[in-house]
Amino acid sequence: MADLKTLLKEARKLIDEKNYKEAQECCKNILRKDKQNYLGLVLLGKSLQESDQAPLAYQNAIASKPDVPLAWQGLANYYEKKDDTASKIKLLSIYDEMLKLQIDEEKTLEIISKISELGCFLKDCKAISIILNFMDKKPNAKIYVIAEKSLLELVKSDIMCEEEYIIKLMNCLKVIVSKDCNDSIYILLGKVILQKNNYVEAIEEVLQLCYFESSVVFREWLCKYLCTNFIKHESFCGLDVERYKDKIILGIENSKYPALLNSMICYNKGLYLDAYKKCVPLVNYQEADVTEATFIIKCSIMLKKWSVAQKLATNFLIKVRDNNFAMILKKFLFLSLAEQQKWKQAITVSKEIPIENFNVNELATLAKCYIEVNEQADHIMKNLQTTEYYLQLEALSLLKQKKYNEAIALLEKIMDTPLKLFYISKAYWELQEYDKSHLNLLKAAKLDSEHDETFLYLGMYYHHCKTDYAKAKKCYEKAYSLNNSDCNVIKHLSDVYIKLQLKDNNYDLLYKASQNAMLNQSWISFRLGLHYINRREWENAIIQFRNVIKSNHNDIVAFECLADAYFSRGSFTSALKAYNKVIKMNSNKIHCLTRIGYIHSILTQYKDAISTFKKVLETEPYSMLALKGIAETYMRIAMNKFNAKLYGSARDTAQNAIDYIIKALSKEKKFLCFWNLLGNALIFLTKLPKEFCFAWLKTDENMEVSRKENLDIYPQALACYSMIAKQKLQFTSYELASTYLDYYLASNNMMHCQISYQLTVACIKLKPSVWRNWNLLGRICIFRKKYALAQHCLIKALLVTRKWSVADVWCNLGTLYLKMNQHKLANYCFWRGQSTSPSYPLSWIGQGLIAEVIREEEAMDLFRHASRLGYHPESALGYADWVCRTIKHDDYKNSSELKYVIDSLDAIPYAMDLVMWFSTYEPNNACSCNILGILQERSGLLSAALESYQKALQYAEEDYQNIILLNIGRILLRLEKYDEAIKIYKAITEASLNSACGLAFGLFKKELYEEAYSAYDTALQWLSNTDDDKADLLVAMAGIVYMFKGMDDAKTLLFHSIQVSQKKPTANSLFAICSLGLIHADQSLSKLALSELQKYEKDSRYGYDIGFLKSYLVVDKDLNQAIKIMSDALHDHPDNTHLWFCLAQYCLNVTNTKANIASCCAQRALCSAYNCENKNFAITAKMIATASIAEHIVGDRKKAMLLAKGGLHMYPCQSDIWAALLFSVLNNKMWSTRTNWVLNRAGHMRKNLETTRVLSRWVNLLEKKLNKQLSS
């Protein structure tokens, strides 16, 4: 057998080769020979690797040679490979023994490092004692320094040191501090000192350290330590912190932990609210710090802010990393949910917490949660059988099962506790034995004044059983102070506040509840909405009702309230949508239908409003709101029609309103609004023209409806306003006084003015600060010609009035001064009225009246502007009068300003409209009828003008009849009614040049030449004042003489007319001489006249006549020369319509047809005719026809057809347009098959239209040609 050395070598080799089984056999052979062989035991342990027998081999080797480190190292290696805590603890003991052996320096440093790592990992104080014992051996400096560092690492890991080693550790740390002064080592020393058993003495010792006062960091750490220790023990462990507080926080008062320490001191004193308020701004809600999070949650729990505690716990759970702290937070969350009676959520959270982590109170709470949700709680209850909670929970279970008598019997077996008494009272409450319940509730409240449900039931008892709202309020308020997140408490307290009319208290309660996200109850928002409606805070009310609707989309009442809030705010479109939603859900909501009608009325959707109100009245015939709404709607429609001058329709609409108002009053007479509406409607009728100023009223139920005329309506309106005053216990009112004044103006009965005066004085005595009373009295005094008193009243009105109404007063004051001929003061008053309200027309009318006296040129502009702002008879007649004054003289066209005012601003048609509106009110006003006739005549409405003149003559005073007769005669002449014209002119009592000339012209047209000549001669001898008038009369007489005596006598008169105009012959005389020369081919006479006419060539009035006469002289000889003459005339007068048209005719008649030029000239003539004041439709139609024919000749037949069609649409009664259209149609192949249509149109021209001789011949030829085509 080999010797031991050989076996040992072989064993080592096998282990190196990892052949462990053979190595084990080899080691066993060694040990058979030598049981205590050290190397054999070590190699056996190594070969056994991680086997449980390996430590035994190493221990046997250590036992044989304890001072040799090899076996210790093998044993250490074995345990180093293990991960369990027990192995690591054994490893610390092994390292301790190894440090006692003689090992090299490197190995010692390694072991010290490993001891430090193990100690930090295990948090084992043995690591500190091992290193301290080793340091006592005084190793070399290097090892000692490493040992000190390891010791510091262990202390930093917050390892609690054994009591016997604390002094030694402190001494060691003090040595380190003496070598290296820094805050971190100071803190470590402080930590060690505070590990002493006597906490108070330890704190005092820390406070005595030399660097305590100088080190801010150390003192801040101490604050943090005190806070952490307080959270751990929920007390300061007997330390009087306030005694040392100032010393500790000196210089660091604004830091986080000193402030938190102050908060904890408040908590320790029971001042939980102060503690909470101080703590809230200190907590970092983004990190789950154990001290901060735990403390703020505990504060909220002590304050019973369960919803806050829930939020905090939930927030920190999201951010927590420490599992132990996470478990604590879950327990907090569970408790807060249970206290808020969120039983199911609490149970869900509790399932994440091991059952052994709950204490007895928490288990009881968990069992209660299961019982409240009717789930089995046996697995919890078995842990509570020996506690006081068991029977109470059993009783609660019986209560949930409605076994009230059994619950009472069970609870009476145990001693009185607050919860027991509450459960008994709750059972009696459910059994409706309220007095017994009340007694037990009082006992429970006496034993525990912090139980909210006890006070809730007490409040319910006083509220519902005793109707003692004051006591109920106190009980509910107590319950609310204990638990402000209980919906039942809030609802009952709100009910009591409503009963006691404590609106502000109720609002504060509901508002706070609405701010709590945990209390998402729709009834809270609903009641808040009602509160905001009562306070007219529509925006807030809308927000609350919308919150209600979000939770319940079918809540009809909420939709109705929301619609009411929208309506009150003025959001009518939104209100309409909400009301329609209610109607869809319930079509019988009369209130909503009525409001829909009101909204349609406000939005001017009157047709819809009327139909809606009628629908309501079908269901409820005497619905006062619907009757009021439909009456107001009809009055709005009537006012719109009145403004549109539809007076008849306005009267009928107002009558409808009156009928509905009377229907309402027949049912109920107490509503003042209906009397006011009826009075206003009747007064509205009095503002209509006399033709429409009547009403159908029924004054007695047994009488038939009777018609009340204008003066009969006022007493009815006065009766309405008197009824209002009577019901208000007054004997006067502004409306009553104002109506009496209107009655006076309509009847001219001074008695009514006197009554109005007395009533207004009485109004002023009642309300002296109301401006309109003073204003009305001022107006009355003006009518009574008490100007001094009127001035006083109006100035008084200005002193008490508001800005928006001051314009009316200023205008009345201006009117007063105007009547007193104080034009400067009147102008100032009207100017002030304009400044206050620029859109008030009476201010502008007043200034217009002043301008008529002072500056005439501004009067028309002022009256026009006033009329634009609104109709008023004074401005209407004033403006029309100034328009007539302006257009009376044709030279206004020479002024660009006047031409713009009359032509560009359409002054004539606008003035015509104004006078027609005026005439509806005053149809017998001769002045307005005459002005209307003048304007109609100017617009070419001759028949209408004749009617207006005749009406004016009917109502005119005798002094003004001659003027109107002149106007009538002139119209009759233009209408070619010469006989009637002659009669009218002969009826004029005072002869004038115009009347004589008109008579002469009528006689001339009737071919009574001698009488006509005699009339002209009379005018020449007696009535003409100027040379020009005489010359023109001689020309007219020459025309008559030419008709029955011949050329020579006419020529004599014409030359005499030239002699009369000594300075410059009149154009009419020269035109007559030239025409006479042309007619009788006397070119010398014509040229003589034309040479004299050169003086008038630049005058636009005679440009066409001169150009035409010049061209006519040469047109037969040289048409091109005539075209040249017309072109020269156009250079002087490019806007002359007739020149362009004549040139177009010449261009068509020239040998080489200049059709293009003709078309251009004709269309240019059309443009000029468009801007011409005196439009001649026949000539305009000829121009369009000429342009169409010219385009046809050029070859552009499409354009020719378009021009003809356009002209036909504008002038369907002009034969030239029809001719041009037929000319275009005949040359179009598309119309070749419609010969009958062309024949019919040609027949229409021949039979129904006026045609020239040439055009008639062309139509006849056309008909013959087409008839031949049809026959063939």
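Worth saying up front: this structure is predicted, and the values here are computed from it rather than measured. (Residues numbered from 1 in each chain as written. Predicted model: local features only at pLDDT ≥ 70, side-chain atom pairs only at ≥ 80, totals over all residues. Heavy atoms only, no water.)

### A short note on the overall build of the protein chain
How we decide: Working definition: helices are DSSP H or I runs of at least four residues, strands are E runs of at least two. Numbering for both runs from the N terminus. C-alpha atoms define the radius of gyration in this analysis, and the globule rule sets the expected value at 2.2 Å times the number of residues to the power 0.38. Categorising residues by exposure relies on relative accessible area from a 1.4 Å probe, with only protein chains included: less than 20% of the type maximum marks a residue as buried, more than 50% marks it as exposed, and the intermediate range marks it as partly exposed.
Scanning the protein chain from N- to C-terminus turns up 70 helices and 2 strands. Taken against the 2.2 N^0.38 rule, which gives 33 Å for 1272 residues, the C-alpha radius of gyration of the protein chain at 59 Å runs more than 25% over that of a compact globule. Along the first, second and third principal axes, the C-alpha set of the protein chain runs to 190 × 90 × 75 Å. Relative to its 1272 residues, the protein chain shows a buried fraction of 48%.

### Points about the packing of aromatic side chains
Test applied: Aromatic pairs are defined between Phe, Tyr and Trp rings, using the six-membered ring for Trp, whenever the two ring centres lie within 6.5 Å; interplanar angles under 30 degrees are classed as stacked, those over 60 as edge-to-face, and all others as tilted. Note on criteria: charge over ring means Lys NZ or Arg CZ within 6 Å of the ring centre, with the direction from the centre no more than 35 degrees off the ring normal.
Enumeration according to the criterion identifies 32 aromatic pairs in this entry. The interplanar angle of 75° and the centroid separation of 5.6 Å between the aromatic rings of tyrosine 507 and tyrosine 532 together place this pair among those described as edge-to-face. With a gap of 25 residues between them, tyrosine 507 in helix H30 (residues 503-515) and tyrosine 532 in helix H31 (residues 522-534) connect regions that are remote in the sequence. Each member of the pair tyrosine 507 and tyrosine 532 is classed as buried. Taken together through their ring pairs, the aromatic side chains of Phe642, Tyr647, Phe684, Phe692, Tyr871, Trp917 and Tyr921 make up a single cluster. In this structure, lysine 491 is placed above the aromatic ring of tryptophan 523, and the distance from its NZ or CZ to the ring centre is 5.5 Å.

### Brief notes about the nonpolar core
For soluble globular proteins, nonpolar side chains are generally found buried alongside one another. Here is the rule: In these notes, a set of buried Ala, Val, Leu, Ile, Met, Phe, Trp, Tyr and Cys residues joined through side-chain atoms within 4.5 Å is what counts as a nonpolar core.
Leu261, Phe295, Ile297, Leu682 and Phe684 are the most contacted members of the largest nonpolar core, which totals 219 residues. It is helix H37 (residues 624-643) that contributes the most residues to this core, 10 residues altogether.

### A short note on helix H57 (residues 1009-1023)
Applicable threshold: Expected helix span is taken as 1.5 Å per residue step, with the number of steps being one fewer than the number of residues. What the arc measures is the spread of directions leading from the helix axis to the C-beta atoms. Contacts are residue-level and defined by heavy atoms, with any inter-residue pair within 4.5 Å sufficient.
The terminal C-alpha atoms of H57 lie 20 Å apart, and with 15 residues this matches the ideal 21 Å at 1.5 Å per residue to within 8%. For H57, the complete set of buried residues consists of Tyr1009, Ala1012, Ala1015, Tyr1016, Ala1019 and Leu1020. The buried residues of H57 occupy one face: seen down the axis, they fall within an arc of 135°. Seen from the open side of H57, the exposed residues pointing more than 90 degrees away from its buried face are Glu1010, Gln1021 and Trp1022. Tucked into the core, H57 has its buried residues touching helix H56 (993-1005) and helix H58 (1027-1044).

### Some points on the UniProt feature "repeat: TPR" (unreviewed entry) in the protein chain
As a reminder, the rule being used: UniProt positions are given in the numbering used here, feature names are shortened, and annotations may be inferred rather than shown by experiment.
Here the UniProt feature "repeat: TPR" (unreviewed entry) sits at residues 556-589, 590-623 and 807-840. Across residues 556-589, helical content stands at 82% and strand content at 0%; the span's end C-alpha atoms are separated by 10 Å. The distance from the first to the last C-alpha atom of residues 807-840 is 7 Å, and the span holds 79% helix and 0% strand.

### Quick word on the pattern of salt bridges
Condition: By definition here, a salt bridge exists when the distance from a side-chain nitrogen of Lys or Arg to a carboxyl oxygen of Asp or Glu is within 4 Å.
One pass over the structure, following the stated rule, counts 28 salt bridges. We note a salt bridge from arginine 974 to glutamate 937, for which the minimum N-O separation is 3.5 Å. Here glutamate 937 lies in helix H52 (residues 926-938) and arginine 974 lies in helix H54 (residues 961-974), a separation of 37 residues in the sequence. Relative accessible area serves as the criterion here: at 8%, glutamate 937 is assigned to the buried category.

### So, the side chain of glutamate 362
To be explicit about the condition: Polar contacts, as used here, are pairs of N or O atoms within 3.5 Å; protein pairs need one atom able to donate a hydrogen and one able to accept it. Residues neighboring in sequence count only if both atoms are side-chain atoms.
Its location among the elements puts glutamate 362 in helix H21 (residues 360-372). Within the structure, glutamate 362 has its side chain in polar contact with the side chain of lysine 331 (distance 3.2 Å). Those residues within four positions of glutamate 362 in sequence are excluded, and the remaining contacts are Lys331, Phe334 and Asn357.

### Section: the packing of helix H16 (residues 272-279) against helix H17 (residues 290-302)
To keep things clear, this is the line we draw: Axes here refer to lines fitted to C-alpha atoms; in helices the fit is confined to the stretch in contact. Angles between the N-to-C directions go from 0 to 180 degrees. Left-handed describes a crossing whose near helix is turned anticlockwise from the far helix by less than a right angle; the clockwise case is right-handed. Only Asp, Glu, Lys and Arg are considered charged, only Ala, Val, Leu, Ile, Met, Phe, Trp, Tyr, Cys and Pro nonpolar, and every remaining residue, Gly among them, polar.
Interaxial distance between H16 and H17 falls to 9 Å at its minimum, and their mutual angle equals 145°. Between H16 and H17 the crossing geometry is left-handed. Contacts between H16 and H17 involve Tyr272, Ala275, Tyr276 and Cys279 from the first element and Phe295, Ile296, Cys299, Ser300 and Met302 from the second. Taken together, the residues of the contact of H16 with H17 break down into 8 nonpolar, 1 polar and no charged.

### Examining unusual backbone geometry
For lysine 402, which is not a glycine, the phi torsion comes out positive at approximately 65°. Here lysine 402 is to be found in the loop between helix H23 (389-400) and helix H24 (404-411). With a phi close to 50°, aspartate 906 is a non-glycine residue in the positive phi region. If you trace the backbone, aspartate 906 turns up in the loop between helix H50 (896-904) and helix H51 (907-921).

### Description of H16
Buried within H16 we find Ala275, Tyr276 and Cys279. Projected down its long axis, H16 carries its buried residues within an arc of 100°, all on one side.

### Comments concerning the state of the cysteines
Linking two cysteines covalently via their sulfur atoms produces the bond known as a disulfide. Short version of the rule: Any cysteine sulfur atom paired with another within 2.5 Å is treated as part of a disulfide.
Per the counting criterion, the structure on display carries 0 disulfides. Not part of a disulfide, cysteine 1142 finds its nearest cysteine sulfur in cysteine 1147, a span of 9.8 Å.

### Section: the environment of isoleucine 328
Within the element layout of this structure, isoleucine 328 appears in helix H19 (residues 323-339). Residues isoleucine 328 and valine 290, 38 residues apart in the sequence, show an inter-C-alpha distance of 9.6 Å.

### Examining the packing of helix H62 (residues 1103-1114) against helix H64 (residues 1137-1149)
The test is simple: Just so you know how the angles are binned, under 35 degrees is roughly parallel, over 145 roughly antiparallel, 65 to 115 roughly perpendicular, and the rest oblique.
Taken N-terminus to C-terminus, the directions of H62 and H64 make an angle of 25°; their axes are 9 Å apart at the nearest point. On the basis of the axis angle, H62 is roughly parallel to H64. Within the contact between the two elements, H62 uses Gly1103, Tyr1104, Phe1108, Ser1111 and Tyr1112 and H64 uses His1138, Leu1139, Cys1142 and Tyr1146. Of the residues that constitute the contact of H62 with H64, the class distribution is 6 nonpolar, 3 polar and no charged.

### Looking at the environment of glutamine 961
Within the element layout of this structure, glutamine 961 appears in helix H54. Relative accessible area serves as the criterion here: at 28%, glutamine 961 is assigned to the partly exposed category. Ignoring any residue separated from it by four or fewer positions in sequence, one finds glutamine 961 in contact with Leu953 and Ala956. A distance of 3.5 Å separates a polar side-chain atom of glutamine 961 from the backbone oxygen of alanine 956.

### Some words on the environment of leucine 493
Structurally, leucine 493 can be placed in helix H29 (residues 487-499). On the basis of relative accessible area, leucine 493 is assigned to the buried category, the value being 1%. Between the alpha carbons of leucine 493 and tyrosine 480 there is a distance of 8.1 Å; along the sequence they are 13 residues apart. Discounting residues that sit within four places of it in the chain, leucine 493 has contacts with Lys473, Tyr476, Glu477, Tyr480 and Leu509.

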